[in-house]
Amino acid sequence: MSRIVAVHGVLPPHRHSQREVTDMVARTCLPQGSDRRVLDRIHGNAGVRSRNTVLPLEGYAGPHDFGTSNDVFIRAAVDLGAEAVRGALRKAGLLPTDVDLLMFTSVTGIAAPSVDARLVGRLGLRPDVKRLPVFGLGCVAGAAGVARLHDYLLGHPGQVAVLLSVELCSLTFQRDDATPANLVATALFGDGAAAAVLVGGEHPSRAGGPEVLDTRSRLYPDTGHVMGWDIRSSGFTVVLDPAVPDVVRRYLAEDVTAFLEPHGLKPKDIARWVCHPGGPKVLEAVTDALDLPGSALDVTRRSLAETGNLSSSSVLHVLRDTMEQRGPDPGSPGLLMAMGPGFCCELVLLRW
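Going by an unreviewed UniProt entry, the protein carries the name Type III polyketide synthase and comes from Streptomyces argenteolus.

Let us look at the overall build of the protein. In terms of helices and strands, the protein carries ten helices and 13 strands. Taken over C-alpha atoms, the radius of gyration comes to 19 Å for the protein, in line with the 20 Å a tight globule of 352 residues would show. Counting the 352 residues in the protein, one finds 57% classified as buried. Taking the intrachain contacts of the protein between residues at least 6 apart in sequence as the baseline, contacts between residues at least 24 apart amount to 80%. Of the roughly 14,500 Å² of accessible surface on the protein, 52% is carried by carbon and sulfur atoms.

It is worth spelling out the pattern of salt bridges at this point. Two side chains with opposite charge may pair up if their charged atoms get near one another. Tallied over the full model, the rule gives 20 salt bridges. Asp40 is the partner of Arg36 in a salt bridge, and the nearest nitrogen-oxygen pair spans 2.9 Å. Accessibility expressed as a relative area gives 25% for Asp40, which makes it partly exposed. Connected through shared salt-bridge partners, Arg19, Asp23, Arg36 and Asp40 make up one network.

Take helix 6 (residues 180–188) next. Extensive coverage of helix 6 is indicated by the burial of seven of its nine residues. Among the residues of helix 6, those classed as buried are Ala181, Asn182, Leu183, Ala185, Thr186, Ala187 and Leu188. Elements in contact with the buried residues of helix 6: helix 1 (18–29), helix 2 (37–44), strand 3 (50–53), strand 10 (235–240), helix 8 (280–290) and helix 9 (298–307).

What follows concerns the UniProt feature "domain: Chalcone/stilbene synthase N-terminal" (unreviewed entry) in the protein. UniProt feature "domain: Chalcone/stilbene synthase N-terminal" (unreviewed entry): in the numbering of this structure it lies at residues 68–200. Along residues 68–200, the helical share is 44% and the strand share 23%, with 40 Å between the first and last C-alpha atoms.

Another point: the nonpolar core. Counting residues in each nonpolar core, the largest one holds 92 residues, and the members touching the most others are Leu164, Val197, Trp273, Val286, Met337 and Phe343. Considering each element in turn, this core owes the most residues, 13 residues, to helix 3 (residues 66–92). Beyond its immediate chain neighbours, meaning those up to four positions away, Met337 contacts Ala143, Leu252, Trp273, Val274, Cys275, His276, Val286, Leu290, Val315, Glu346 and Leu347.

Let's shift gears to the state of the cysteines. With the rule as written, the count across this model stands at zero disulfides. Unpaired in this structure, Cys139 has its nearest cysteine sulfur neighbour in Cys169, at a distance of 7.2 Å. Overall, Cys139 belongs to the buried group, its relative accessible area being 9%.

What counts and how
Residues numbered from 1 in each chain as written. Predicted model: local features only at pLDDT ≥ 70, side-chain atom pairs only at ≥ 80, totals over all residues. Heavy atoms only, no water. Helix = DSSP H or I, 4+ residues; strand = E, 2+ residues; numbered from the N terminus. Rg over C-alpha atoms; globule rule 2.2 N^0.38 Å. Buried < 20%, exposed > 50% of the residue type's maximum accessible area, 1.4 Å probe, protein only. Contact = heavy atoms within 4.5 Å. Areas by Shrake-Rupley, 256 points an atom, 1.4 Å probe, with all protein chains shown as cover. Salt bridge = Lys/Arg side-chain N within 4 Å of Asp/Glu carboxyl O. UniProt positions renumbered as here; feature names shortened; annotations may be inferred. Core = buried A, V, L, I, M, F, W, Y, C linked by side-chain atoms within 4.5 Å. Disulfide = S-S within 2.5 Å.

Below, the structure written as structure tokens:
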């Protein structure tokens, strides 16, 4: 089996309380003099205490077209991505020249050459490193990326693969947009990056970390409308349907149960839940659907409170925090999971 030997998360430098972000959104999204009680309620119920952004808050006040915001994305993604990969390799005790595959994922900006290509020389990766830039998976990409690296390493068991996620969600906030979807997005999403290092089963690395035992991908029928982007001249405009928790309640329990059954496991046997922090209502739906104890998603809720929803980077931050905890007995099962546009779900069975 492949093994996750290190995860490193980074945040951009500008840190704000939820109240500071709420006040900025009121200035930039609501008509002057309008009642802001709905905005205050949405932000107050988001489960977020603080967030980091790539720009200072005053940087979001003026008009930004797609090109301007995307230029900021490229510069910051390369900087944050380099920091994340260096930190993860350092934790793993590996060198940049040890990396055989670099997968890069984001859904908050685009670049050609891609961000991974721009990092090869900067990080000192080998010129023959395999690269795989991925766009469009959204929040599910952290879990899907781990799963796809596992698939690769099954065929290349002596190699090293790195997943890099950079999500600068604040650059997608739409000014002068008081729609419920935009206000919810401004309440939940923050900026951040993370890198995970995986090694194949024959790699000599002595670094610890959970093994990847199995993966499962599911795309749910007739749900493509519930999450994604509308792409306009002003950039990425969020599509976020209130039905997302209902979709989770309808499908997740059946998927998880069917995934675990061949391994002789049930949801109650999972010792560590590594769940993407989609938002309070989504986490409530996950807890209800799987009949989890109240503390099962504590690490996820804490991540949401401290950094907000970082799209694909979030589940990797939760994975890092879970790996750093003193946990259950060696050999205990864990489940990494995330959901995203499609609407889809990705499950990764782990063994600590």
